[in-house]
Amino acid sequence: MEVEKGSKRNHEEEDPAECKKARTEDDHDDESLVQRKKQFFEQLQLASHEPLKQAGGRTKCSICQQSRKFFCYSCFQVVGDPTGIPRLSLPIKVDIVHHPTEKLSKSSATHAKVLAPDDVTFLDYPADIPDYDLESTVLLFPCDDAVSFSEIDASKIKRCVFVDSTWSQTKQIVQHPKMHQLRRVKIDSRKTTFWRFQRLSDEYLSTLEAIYFAVVEYITATKGQYEHEVDNLLYYYTFLHGVIQDFYKANRHKSFVHINNYIDYNPMEGKGQQASESKVEPSQDTNHDTNKTDVSQKLTVHVDI
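Please read all numbers here as calculations on a predicted model, not as lab measurements.

Asker: Looking at this structure, I do not really get the overall build of the protein. What am I missing?
Answerer: Within the protein one finds 8 helices and 11 strands. Looking at the protein residue by residue over its 305 residues, the buried ones come to 51%. Taking contacts inside the protein between residues at least 6 apart in sequence as the whole, the part at least 24 apart equals 72%. In the form shown here, the protein has an accessible surface area of approximately 14,100 Å², with 46% of it arising from carbon and sulfur atoms.

Asker: Can you help me understand the nonpolar core in this one?
Answerer: Most often, soluble globular proteins have nonpolar side chains that are buried together. Formed by 60 residues in total, the largest nonpolar core has its most connected members in Phe149, Ile211, Tyr212, Val230 and Tyr236. For this core, the elements supplying multiple residues, two or more each, are helix H2 (30–43), strand E5 (93–98), helix H4 (110–115), strand E6 (120–124), strand E7 (137–140), strand E8 (159–164), helix H7 (207–223) and helix H8 (235–250). The greatest single-element share of this core, amounting to 10 residues, is contributed by H7. If we ignore the near neighbours within four places in the chain, the residues touching Val230 are Leu88, Leu90, Pro91, Tyr212, Val215, Val216 and Ile219.

Asker: What's the story with the side chain of Thr137 in this structure? I'm lost.
Answerer: As for its position among the elements, Thr137 is in strand E7. Its relative accessible area of 2% is what places Thr137 among the buried residues. Polar contacts involving the side chain of Thr137 include one to the main-chain carbonyl oxygen of Asp133, which spans 3.0 Å. Setting aside residues up to four positions removed in sequence, Thr137 forms contacts with Tyr132, Arg159, Val161, Leu182 and Arg183.

Asker: What is the right way to look at the pairing of E7 in this model?
Answerer: Look at any regular strand and the pattern is simple: side chains alternate between the two faces of the sheet. What you see with E7 is no split at all: Thr137 and Leu139 on one side and Val138 and Leu140 on the other are buried throughout. With 3 bridges connecting them, E7 and E8 associate as parallel partners. Among the inter-strand pairings, Thr137 is bridged to a residue of E8, identified as Arg159. Relative to strand E9 (residues 183–185), E7 runs parallel, the two being bridged by 3 bridges. Note that in E9 the partner of Leu140 across the bridge is Val185.

Asker: Honestly, the sheet that holds E7 in this entry has me stumped. Any pointers?
Answerer: The strands that make up a sheet are held in pairs by hydrogen bonds between backbone atoms, and each pair lies either parallel or antiparallel. Spatially, the 5 strands line up as an open sheet ordered E6-E5-E8-E7-E9, and their pairing is parallel. A strand with exactly one partner marks an edge of an open sheet, and here the two such strands are E6 and E9. When the angles between neighbouring strand axes are averaged without regard to direction, this sheet yields 30°. The sheet contact formed by E5 and E6 spans 5 bridges and is parallel. By the bridge assignment for E6, Val94 is matched with Val120. Seen against the sheet, helix H5 (residues 167–174) touches E5, E7, E8 and E9 and runs at an angle of roughly 140° to E8. This element, H7, spans E5, E7 and E8 of the sheet and lies at about 165° to E8.

Asker: Even after reading the chapter, I still don't get H5, so can you show me in this structure?
Answerer: One turn of the α-helix equals 3.6 residues, which is why residues spaced by three or four share an orientation. Most of H5 sits inside the fold, with 6 of its 8 residues counted as buried. Every buried residue belonging to H5 is among Trp167, Gln169, Thr170, Lys171, Ile173 and Val174, and all of these are buried.

Asker: I'm lost on H7 in this one. Help?
Answerer: Taking 1.5 Å of rise per residue, the 17 residues of H7 would be expected to cover 24 Å, and the 24 Å separating its terminal C-alpha atoms lies within 8% of that figure. Burial analysis of H7 places 13 of its 17 residues in the buried class, the great majority of the element. Positive phi appears at Gly224, one or two residues downstream of H7, with a value of about 95°.

Asker: It is not clear to me how the pattern of salt bridges should be interpreted in this structure. Could you clarify?
Answerer: Pairing is possible between side chains of opposite charge, provided their charged atoms come close. Following the criterion strictly, the structure yields 8 salt bridges and no others. The shortest N-O distance in the salt bridge between Arg87 and Asp118 comes to 3.4 Å. Of this pair, Arg87 sits in the loop between strand E4 (77–78) and E5 while Asp118 is found in the loop between H4 and E6, placing the two residues 31 residues apart along the sequence. Overall, Arg87 belongs to the exposed group, its relative accessible area being 60%. On the accessibility criterion, Asp118 (56% relative accessible area) is exposed.

Procedures and definitions
- Residues numbered from 1 in each chain as written.
- Predicted model: local features only at pLDDT ≥ 70, side-chain atom pairs only at ≥ 80, totals over all residues.
- Heavy atoms only, no water.
- Helix = DSSP H or I, 4+ residues; strand = E, 2+ residues; numbered from the N terminus.
- Buried < 20%, exposed > 50% of the residue type's maximum accessible area, 1.4 Å probe, protein only.
- Contact = heavy atoms within 4.5 Å.
- Areas by Shrake-Rupley, 256 points an atom, 1.4 Å probe, with all protein chains shown as cover.
- Core = buried A, V, L, I, M, F, W, Y, C linked by side-chain atoms within 4.5 Å.
- Polar contact = N/O pair within 3.5 Å; in protein donor to acceptor, adjacent residues only side chain to side chain.
- Pairing = 2+ DSSP bridges.
- Axes fitted to C-alpha atoms, helices over the stretch in contact; angles between N-to-C directions.
- Expected span 1.5 Å × (residues − 1).
- Salt bridge = Lys/Arg side-chain N within 4 Å of Asp/Glu carboxyl O.

Okay, here's the thing in structure tokens:
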């Protein structure tokens, strides 16, 4: 069975084995996935990706001196020329509680820290978790008593906490004394556009998608209308999605992980040459999701940043 959206706060009451059950064939309808991605990306108002296209090769981070492309996921800063790269100011502070054993290079949440450095904080579990103000801080985590921003006085909420970890680690993190007392909030159910395969539901979002939609719903609840203020949280996300699309379209002999029709091949080009799709066993990865925590699979092609 599928894990319910309003899953219990105490994950020990859930059966992780059930959560790992493979998706049914209906979870990813081929045509709807392509259309969903296209419609979602087209309505975003983003800064130009031209600076990324012109970035060239890898560049050393000025802080850690490691070779990176586009940005340093360790130091959370743009590498190379930052001209044209958006810098956001968010209406709510975002804390990302990250399990230190998980690779930051695989975390989509690093995008948010790079793009909104003054409003996004990465915290290593458990050492960095602060004593939160329970009146002004909420935790994005679905459970029976989780509420939407529209159901509370969202103007009193100043900080939202997200968990960036594997399924088993999340059970531990949310039960930490400094996390357990936080009021839970949830966001509307949405289907992911993320490229990392996982055998659960297509309603399992990447951490970055969860952050984006939570901030959108917070703005809507406090202002009454969302006017694309934080679309650029998906600046790197949408660009890397395009990189993946272009790679597989140009290398049709390469196989993509089994997300049916994820690559938007032009049916008039390369007929009969579409890459085969191979089923692979999922591995745990660092993604937290709106309604559940995700078990993800790495891309066949490694998008190296």
